[in-house]
Amino acid sequence: MVTNSHSKWGVRLGTLALWAAAGASVVFWGLRLSAPAAGAAAPVVLPAAVAPDAQALARLLGAVPSVASAAPAAPVATLASRFSLIGVLSGRASGGGAALIVVDGKPAKPFRVGAAVDEGLVLQALGPRQAQLGGSMDGPATLTLDMPLKN
């Protein structure tokens, strides 16, 4: 009977390699599962809300700065023909945002909620495609401007 010593060593080395791989796998997963979670150590910090800059928005939309002129108060029927709503930027907080409004055919200017649009008119509130103007912030809306529909 002749025994082949080379085949015995091949089986022994193969078995040793398998046991080494199994041990390395156990050590790897043991360290991986016992380590603390990375997300639990760092608290989540949310960025602060950013208020929109009405002047920058107006420049972005192509408005040209103009000098404000005082106009006498007019009846409500003629008010609607003097104003045109071009754009609305609603803020996340209720009651925030700005509107891009054309007054008397002049270049559009941005107005924040609460700002005086014209003599005796204040921007009271904004909707998705509309702006409400009134004599004061707490008073009733005198005029509601709607954005024109796109063709």
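Data block above holds the structure.
Residues numbered from 1 in each chain as written. Predicted model: local features only at pLDDT ≥ 70, side-chain atom pairs only at ≥ 80, totals over all residues. Heavy atoms only, no water.

(A) Local environment of the overall build of the chain. Check the secondary structure of the chain and you find four helices and seven strands. For the chain, with 151 residues in total, the buried portion stands at 21%. The long-range fraction of contacts in the chain, counting pairs at least 24 apart against all pairs at least 6 apart in sequence, stands at 35%. In the form shown here, the chain has an accessible surface area of approximately 10900 Å², with 66% of it arising from carbon and sulfur atoms. (Helix = DSSP H or I, 4+ residues; strand = E, 2+ residues; numbered from the N terminus. Buried < 20%, exposed > 50% of the residue type's maximum accessible area, 1.4 Å probe, protein only. Contact = heavy atoms within 4.5 Å. Areas by Shrake-Rupley, 256 points an atom, 1.4 Å probe, with all protein chains shown as cover.)

(B) View of the sheet that holds strand β4 (residues 116-118). Strand order in the open sheet formed by four strands is β4-β5-β6-β7, with antiparallel pairing between adjacent strands. Strands with a single pairing partner mark the edges of an open sheet, and in this sheet they are β4 and β7 (141-146). Direction aside, neighbouring strands of the sheet carry axes that sit 40° apart on average. (Pairing = 2+ DSSP bridges. Axes fitted to C-alpha atoms, helices over the stretch in contact; angles between N-to-C directions.)

(C) Seen up close, the pairing of β7. Pairing analysis gives five bridges linking strand β6 (residues 130-134) to β7, with the strands arranged antiparallel. Residue A131 lies in a different strand from β7, and its bridge partner there is L145. In this structure, the hairpin formed by β6 and β7 is closed by a connection of six residues.

(D) Main features of the pairing of strand β3 (residues 109-112). Pairing of strand β2 (residues 97-103) with β3 involves four bridges; the strand directions are antiparallel. Bridge pairing in β3 places L100 opposite P110. If you look at the hairpin formed by β2 and β3, you'll find five residues sitting between the two strands, and D104 has a positive phi there, around 55°.

(E) Region of the structure containing the pattern of salt bridges. Across all of its chains, the model carries two salt bridges by this definition. The shortest N-O distance in the salt bridge between D104 and R82 comes to 2.7 Å. Of the two residues, D104 sits in the loop between β2 and β3 while R82 sits in helix α4 (residues 76-82), which places them 22 residues apart along the sequence. With a relative accessible area of 40%, D104 lands in the partly exposed category. Here R82 and D118 are joined by a salt bridge, their closest N and O atoms 2.7 Å apart. Of this pair, R82 sits in helix α4 while D118 sits in strand β4; the two residues are 36 residues apart in sequence, bridging distant segments of the chain. No difference in accessibility class separates R82 from D118, as the two residues are buried. (Salt bridge = Lys/Arg side-chain N within 4 Å of Asp/Glu carboxyl O.)

(F) View of a nonpolar patch on the surface. Taken together, the side chains of W9, L13 and L16 make up a nonpolar region of the molecular surface, amounting to roughly 370 Å² of accessible area. Following the sequence through the fold, L16 ends up in helix α1 (residues 5-34). (Patch = residues over 30% accessible without salt bridge, like charges linked within 9 Å, V, L, I, M, F, W, Y side chains within 5 Å.)

(G) Highlighting the side chain of Q124. Mapped onto the elements, Q124 comes out in strand β5 (residues 121-126). Note on Q124: relative accessible area 10%, which makes it buried. Within the structure, Q124 has its side chain in polar contact with the backbone oxygen of S136 (distance 2.5 Å). Reaching out from Q124, the side chain makes a polar contact with the backbone oxygen of G139 at a distance of 3.0 Å. Those residues within four positions of Q124 in sequence are excluded, and the remaining contacts are V113, Q132, L133, G134, G135, S136, M137, G139, P140 and A141. (Polar contact = N/O pair within 3.5 Å; in protein donor to acceptor, adjacent residues only side chain to side chain.)

Read these as geometric descriptors, not functional statements.
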